[in-house]
2 protein chains.
Amino acid sequence: MSKYVFGVDIGGTTVKLGFFDVEGNLLDKWEIPTRTEEDGSHILPDIAKSIQEKIAEKQVNVSEVAGVGVGAPGPIDSEGVVHKAVNLGWGTFSIKNTLEDILHVPVMAGNDANVAALGEMWKGGGQGSKNLIVVTLGTGVGGGIIVEGKVLTGAIGAGGEIGHIHVEDDEAECCGCGNKGCLEQYASATGITRLAVRKLAESDKESILRGGEISAKTVFDAVKQKDALAIEIAQEFGKYLGDGLSVIAGVVNPETIVIGGGVSKAGEVLMEYIKPHFIKNVFHANRDVKFALATLGNDAGIYGSAKLVLEA
Amino acid sequence: MSKYVFGVDIGGTTVKLGFFDVEGNLLDKWEIPTRTEEDGSHILPDIAKSIQEKIAEKQVNVSEVAGVGVGAPGPIDSEGVVHKAVNLGWGTFSIKNTLEDILHVPVMAGNDANVAALGEMWKGGGQGSKNLIVVTLGTGVGGGIIVEGKVLTGAIGAGGEIGHIHVEDDEAECCGCGNKGCLEQYASATGITRLAVRKLAESDKESILRGGEISAKTVFDAVKQKDALAIEIAQEFGKYLGDGLSVIAGVVNPETIVIGGGVSKAGEVLMEYIKPHFIKNVFHANRDVKFALATLGNDAGIYGSAKLVLEA
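Definitions and limits used
Residues numbered from 1 in each chain as written. Chains lettered and ligands numbered in written order. Predicted model: local features only at pLDDT ≥ 70, side-chain atom pairs only at ≥ 80, totals over all residues. Heavy atoms only, no water. Helix = DSSP H or I, 4+ residues; strand = E, 2+ residues; numbered from the N terminus. Rg over C-alpha atoms; globule rule 2.2 N^0.38 Å. Buried < 20%, exposed > 50% of the residue type's maximum accessible area, 1.4 Å probe, protein only. Pairing = 2+ DSSP bridges. Salt bridge = Lys/Arg side-chain N within 4 Å of Asp/Glu carboxyl O. Contact = heavy atoms within 4.5 Å. Domains from an automatic or database assignment. Buried area = accessible area lost by both parts, 1.4 Å probe. Polar contact = N/O pair within 3.5 Å; in protein donor to acceptor, adjacent residues only side chain to side chain. Nonpolar A, V, L, I, M, F, W, Y, C, P; charged D, E, K, R; others polar. Axes fitted to C-alpha atoms, helices over the stretch in contact; angles between N-to-C directions.

Draft legend 1. Up close: the overall build of chain A. For chain A, the helix and strand inventory stands at 10 helices and 12 strands. Its C-alpha radius of gyration of 20 Å places chain A within 12% of the 20 Å reference for a compact globule of 312 residues. Principal-axis analysis of the C-alpha atoms gives chain A an extent of 65 × 45 × 35 Å. Every one of the 312 residues in chain A was classed for burial, and the buried ones make up 59%.

Here is the structure:
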């Protein structure tokens with residue numbers, strides 16, 4: 001009988017691993033380095049070895065392991081095939097088959113942002129909802145859409161790539177993806193810094209931001225001190241994100257929108273700037289959508305990848 | 001053994017009914033009036049009676065009927081509960097339970113636009129794809145999102161309401177939904193007419209549209225005759241719809257986008273105006289999404305509601 005499940009979150013420099021019981025209690029977590037050399041060919045064998053060691057250490061019988069879930073940064077389809085993950089040096093191959101051949105337990109795989117969304121549904125800010133939008137405001141903007149308790153993977157694993165929806169026609173600078181006017185250019189930590197630098201250059205207004213370090217954190221710290229210029233920056237951020245989320249909600253009709261990533265550490269103040277724009281432009285059936293902050297932080301990926309196995 | 005299935009599409013004035021074999025061959029179709037008086041309380045009993053008569057007429061054994069699928073204009077959740085359908089006089093109740101109590105066969109129900117999308121996936125322009133966006137350009141803009149072969153219903157049945165995603169900040173007129181700047185205001189038949197009337201008033205350019213009847217049809221007929229002003233209108237339409245679809249594709253990562261409704265009768269010329277904007281702004285993973293015209297016309301609803309039963 002299945003008692004345990006492993007959740008794995010592969011990042012560009014470290015792999016996070018979690019050992020859970022099937023109720024979702026995190027019994028142990030640890031990290032190993034991500035060896036991206038030789039086209040990332042060591043990554044999955046390293047993970048398998050680490051899991052086998054943990055199984056031995058915990059004196060668990062392999063028959064008690066429900067499986068291993070894996071989240072990785074790249075498009076991964078519902079069959080567990082990754083379609084290029086440049087950060088890891090990976091081309092196109094089946095993560096599922098590769099790991100199952102070594103470990104002889106069921107393996108499921110998904111895009112890291114999608115899997116983190118599933119984690120927030122299961123044990124984080126989205127608990128109790130089955131239809132969610134999870135938006136992660138970090139260096140970039142990541143996202144995951146959950147529909148009736150399952151990740152919206154899409155045709156080739158690019159479902160929920162909401163950082164790159166087009167929200168502004170009049171943008172001169174390119175996004176990392178090559179397009180212009182992506183949500184990520186305004187709502188990520190980097191995007192907020194960019195908005196702040198622009199605003200400081202355009203405006204003569206006094207601001208505690210002038211002369212200091214400019215980051216999403218310093219902007220929202222200044223907002224909390226009622227700095228007028230910082231508030232203008234937050235309003236701009238809120239307009240793009242609120243409008244963008246209203247469109248995404250129009251497509252998926254969620255119960256809850258969960259906001260995570262480094263920027264979300266600013267806390268509830270974010271909602272003051274996002275929600276008015278969301279409410280103004282969203283279709284009336286979505287006006288009661290709940291907003292919540294993510295609660296799992298960097299553990300969302302290991303929770304979600306474990307859940308991927310249990311949901312299968 | 002199940003051999004047959006019924007598909008029902010409830011409209012404001014008529015109910016369309018289809019009798020199919022389980023492979024999806026349409027064996028018979030007919031219509032009955034939609035009696036909206038007395039809070040629409042006759043509608044479902046009328047449908048049940050009509051189906052019972054058809055079963056008798058065709059000398060089918062009830063045990064051979066897989067079930068009855070129903071599409072109706074309103075938010076209908078995945079349990080078959082309608083949450084107000086104003087056009088039919090309906091409040092909130094279970095379509096599924098009401099019809100099952102009379103007919104004693106399985107009943108499934110869904111929003112009419114979502115169900116029509118499922119029909120286009122099964123036997124129409126989206127055949128062969130499991131992840132689709134279907135957009136219906138009629139008096140309004142309706143939509144349906146199909147994820148891994150199933151309708152994206154959403155929390156309260158408002159999934160895929162893409163006519164009301166916000167695409168324009170600078171709109172003075174209200175949409176029927178009460179918001180301003182909805183996709184429907186630019187991409188529906190009514191919206192195209194509105195764009196045309198505006199353009200004709202603003203511009204001094206000669207046009208074969210001047211003095212005649214203005215409709216989506218006359219605009220696209222003029223486009224085919226290379227009328228410069230009509231082309232400007234089509235470009236504006238294409239920008240809103242292409243950009244809007246690029247955002248929706250960013251959320252759902254479809255294989256195919258199917259365009260239906262009265263406006264789609266203009267044919268392939270529509271794609272010339274939609275696709276360049278779509279390609280320009282869509283996330284690169286979605287750049288190869290196929291575009292197709294809907295092929296089932298007004299029968300999409302009966303096909304899709306039948307499929308709803310077979311997918312359950």
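Draft legend 2. Structural context of the pairing of strand β6 (residues 90–94) of chain A. Residue and element names in this part refer to chain A. In this structure, strand β5 (residues 81–85) lies alongside β6, joined through four bridges in antiparallel fashion. The residue bridging V82 from the neighbouring strand is F93, located in β6. In this antiparallel pair of consecutive strands, β5 and β6, the connection spans four residues, and G89 shows a positive phi of 80°.

Draft legend 3. Examining the pattern of salt bridges more closely. Inspection of every chain in the model, using the stated rule, returns 40 salt bridges over all chains. Put simply, K96 of chain A and E100 of chain A hold a salt bridge, and the shortest N to O gap is 3.0 Å. Separated by four residues within a single helix, K96 of chain A and E100 of chain A lie in helix α3 (residues 95–103), roughly one turn from each other. Linking E171 of chain B and R198 of chain B is a salt bridge whose minimum nitrogen-to-oxygen distance equals 2.6 Å. Placement of E171 of chain B in the loop between β10 (150–151) and α5 (184–187) and of R198 of chain B in helix α6 (residues 189–202) is noted, with a sequence separation of 27 residues between them. The buried category is assigned to E171 of chain B, whose relative accessible area is 6%. Judged by its relative accessible area of 29%, R198 of chain B falls in the partly exposed class.

Draft legend 4. Main features of the environment of G250 of chain A. By secondary structure assignment, the location of G250 of chain A is in helix α8 (residues 228–252). Spatially, the C-alpha atom of G250 of chain A lies 8.6 Å from that of A285 of chain A, the residues being 35 residues apart in sequence. Once you skip the residues sitting within four places of it in the chain, G250 of chain A turns out to touch N286 of chain A together with A158, G160, E161 and I165 of chain B.

Draft legend 5. A look at the domain arrangement of chain A. Residue and element names in this part refer to chain A. Domain assignment breaks chain A into domain 1 (4–120 + 299–311) and domain 2 (128–294). Placing a centre on the C-alpha atoms of domain 1 and another on those of domain 2 gives a separation of 29 Å. Of the residues lining the interface, 12 residues belong to domain 1; the matching set on domain 2 comes to 17 residues. Of the roughly 1100 Å² buried at the junction of domain 1 and domain 2 (both faces included), carbon and sulfur atoms supply 57%. Linking domain 1 with domain 2 are two residue pairs in polar contact (both at pLDDT 80 or more).

Draft legend 6. Seen up close, the interface of chain A and chain B. Facing the 41 residues of chain A at the interface are 41 residues of chain B. Run the count over chain A and chain B and you get two salt bridges. Between D169 of chain A and K239 of chain B there is a salt bridge, and its shortest N-O distance comes to 2.9 Å. On inspection of chain A and its partner chain B, the count reaches 22 residue pairs in polar contact (both at pLDDT 80 or more). Residue assignment for the side of chain A that touches chain B shows that the elements contributing at least two residues are β9 (141–147), α8 and α9 (269–281) of chain A. When residues in the side of chain A that touches chain B are grouped by element, the largest group, eight residues, is from α8 of chain A. Partitioning the side of chain A that touches chain B into residue classes produces 17 nonpolar, 15 polar and nine charged.

Draft legend 7. Structural view of the sheet that holds strand β4 (residues 65–72) of chain B. Residues and elements named next belong to chain B. Within the open sheet, the five strands sit side by side as β3-β2-β1-β4-β7. Their pairing is mixed. The two strands at the open ends of the sheet, each matched to only one other strand, are β3 (26–33) and β7 (107–111). Strand-to-strand twist in this sheet, taken as the mean axis angle between neighbours without regard to direction, amounts to 15°. Here strand β1 (residues 4–10) pairs with strand β2 (residues 14–21) via seven bridges, running antiparallel. If you follow V8 over to β2, its bridge partner there is L17. Sheet strands in contact with helix α2 (residues 43–57) are β1, β2, β3 and β4, and its direction is about 150° off that of β1. Set on the sheet, helix α10 (residues 300–311) makes contact with β1, β2, β3, β4 and β7; between it and β1 the angle comes to about 130°.

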